[in-house]
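Here is how the chains run, residue by residue.
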Amino acid sequence: MGRSYYIERFAQSIITVFAVVSASFFLLRGMPGTPADYLKAQLVESQRGAGAMDPHHLERLTQEYMNMYPDSPLHIQYFNYMQEMVLNLNFGRSIWYQEPVTDILFQALPWTLFVMSQALLLSFGVQVLLGAAMAYKEGARFDMGFTSFALVAGSTPYYIIALLGLYFLGYQLEWFPKGGHYDQSIPIGVNVDFIISIFYHSALPVMSLVLARTAGAISMRANAVRVLGQDYIRVARLRGLPTGRIVRRYVARNAVLPEYTSLLISMGAMFGGSVILEQIFVYPGIGFYTFKAVETRDYPLLMGGFVLVTVTVVIGVLIGDLTYGLIDPRASSGGGRESY
């Protein structure tokens, strides 16, 4: 991969973020009843009983919350919003929480990343290991049983698994907490109890996402079976190479490549799914606040959530795209043969 490749990928990422943010901006303002009109009504309602609000004061407050001049032409609003967002990381002020949107989202982002990164890594590991084991035991009861399990779990929406897990493991058996980031009675800091608590509270959301993605093990199984039938595997066996080396260096290395691509594609879906998942488990992350913004018509917070999720997903895919050549040298050299 030359320098032009990296420049092209960075440029594509910037254009993607720009396009999504622009589309979100104009779609929100194309809804019946502009966000500025709704905000003005909310501000007037909050001041009821304190006398009529001065129109200039109302305009100033609306500008502060919306991060732009609400009465200016749409293209000027767009330019002002993009300028404030890019140069000052200013997304406006939340109508519901009465706090800067940036403060709310940046406090929530680490928790969403914590859950999603766990789910991505664990689901990838489960798919690879389970799929490889199923291929090795092809036709056996182990293979048939886990293929059926993966089909059922993978066909069930993650939010159904989340609701079932919350009901049985949270409310009925009380094995896991029902919401929150951590146990409020434990002091916050770098200590064993606090670390165990945050992993414990994230267990059910992570488990729901991992189970919903076990169908990927079937794809890994098919890839491994295909690789096991290649000529270079037969040659390796004839040369007397150890079975462990054949599995690790030849079978796993080539069979896992499509799964890595699938992992990159699934990042967007998982971050988008955090909106419902975090609401189910009352887990205050980006998805939780985005859902709350939709409920309360908190347009500044909603727009900020869209932007932050978009940037996070694009950065994740970009990192995966740039590191793909480390796992598959053919992506760097342009070769088309299996790697040996």
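These notes cover the structure that comes with them.

Observations concerning the overall build of the protein
- If you tally the helices and strands in the protein, you get 15 helices and zero strands.
- Going through the 340 residues of the protein one by one, you find that 45% of them count as buried.
- Pairs at least 24 apart in sequence give 71% of the contacts found in the protein among residues at least 6 apart.
- As displayed, the protein has an accessible area near 18200 Å², and 65% of this comes from carbon and sulfur atoms.

A look at unusual backbone geometry
- Within the chain, leucine 89 stands out as a residue other than glycine whose phi angle is a positive 50 degrees.
- In the Ramachandran plot, valine 282 falls in the positive-phi region, its phi being about 50 degrees despite a non-glycine side chain.
- Among the secondary structure elements, valine 282 is positioned in the loop between helix 12 (257-280) and helix 13 (286-296).
- For valine 282, a relative accessible area of 44% corresponds to the partly exposed category.

With respect to helix 6 (residues 141-155)
- The end-to-end C-alpha separation of helix 6 is 21 Å, in line with the 21 Å expected for 15 residues at 1.5 Å each.
- Looking at the buried side of helix 6, the elements it contacts are helix 5 (101-136), helix 7 (158-172), helix 8 (192-212) and helix 9 (216-228).

Concerning the packing of helix 5 against helix 6
- Contact geometry of helix 5 with helix 6 gives a least axis separation of 8 Å together with a crossing angle of 140 degrees. The pairing of helix 5 with helix 6 is recorded here as oblique in orientation. By crossing handedness, the relation of helix 5 to helix 6 is classed as left-handed. Contacts between helix 5 and helix 6 involve Leu130, Ala133 and Met134 from the first element and Phe142, Asp143, Phe146 and Thr147 from the second.

Re the side chain of serine 13
- Inspection of the secondary structure puts serine 13 in helix 1 (residues 3-29).
- The class for serine 13 is buried, based on a relative accessible area of 12%.
- Apart from the residues lying within four places of it in its own chain, the contact partners of serine 13 are Val314 and Leu318.

Brief notes about the layout of surface pockets
- Taken as a whole, the largest pocket encloses approximately 360 Å³ of empty space.
- Lining the largest pocket we find 18 residues, and of these Val17, Met85, Val86, Val307 and Val311 sit closest to its centre.
- Among the elements of the structure, helix 1, helix 4 (74-88) and helix 14 (299-327) are those that each provide at least two residues to the lining of the largest pocket.
- Residues of the lining of the largest pocket, tallied by class, amount to 17 nonpolar, one polar and no charged.
- When its volume is computed, the second largest pocket comes out at roughly 310 Å³.
- Lining the second largest pocket are 16 residues, and of these Ser117, Leu120, Met267, Gly316 and Ile319 sit closest to its centre.
- Of all the elements in the fold, those that place two or more residues in the lining of the second largest pocket are helix 5, helix 12 and helix 14.
- The biggest single contributor to the lining of the second largest pocket is helix 5, with six residues.
- Its residues assigned to classes, the lining of the second largest pocket comprises 12 nonpolar, four polar and no charged.

Describing the nonpolar core
- Counting residues in each nonpolar core, the largest one holds 33 residues, and the members touching the most others are Met116, Leu209, Leu277 and Phe281.
- The set of elements that each furnish at least two residues to this core consists of helix 5, helix 7, helix 8 and helix 12.
- When neighbours within four sequence positions are excluded, leucine 209 is seen to be in contact with Met116, Ala119, Tyr158, Met270 and Leu277.
- Membership of the second largest hydrophobic core comes to 25 residues, among which are Tyr81, Met85, Phe91 and Leu308.

How each quantity is defined
Residues numbered from 1 in each chain as written. Predicted model: local features only at pLDDT ≥ 70, side-chain atom pairs only at ≥ 80, totals over all residues. Heavy atoms only, no water. Helix = DSSP H or I, 4+ residues; strand = E, 2+ residues; numbered from the N terminus. Buried < 20%, exposed > 50% of the residue type's maximum accessible area, 1.4 Å probe, protein only. Contact = heavy atoms within 4.5 Å. Areas by Shrake-Rupley, 256 points an atom, 1.4 Å probe, with all protein chains shown as cover. Expected span 1.5 Å × (residues − 1). Axes fitted to C-alpha atoms, helices over the stretch in contact; angles between N-to-C directions. Parallel < 35°, antiparallel > 145°, perpendicular 65-115°, else oblique. Left-handed = near helix turned anticlockwise from the far one by under 90°. 1 Å grid on protein atoms, 1.4 Å probe; cavity = no way out; pocket = protein on both sides within 12 Å on 5 of 7 lines; lining within 4 Å. Points joined across faces, edges and corners; volume = space filled by probe spheres on them. Nonpolar A, V, L, I, M, F, W, Y, C, P; charged D, E, K, R; others polar. Core = buried A, V, L, I, M, F, W, Y, C linked by side-chain atoms within 4.5 Å.

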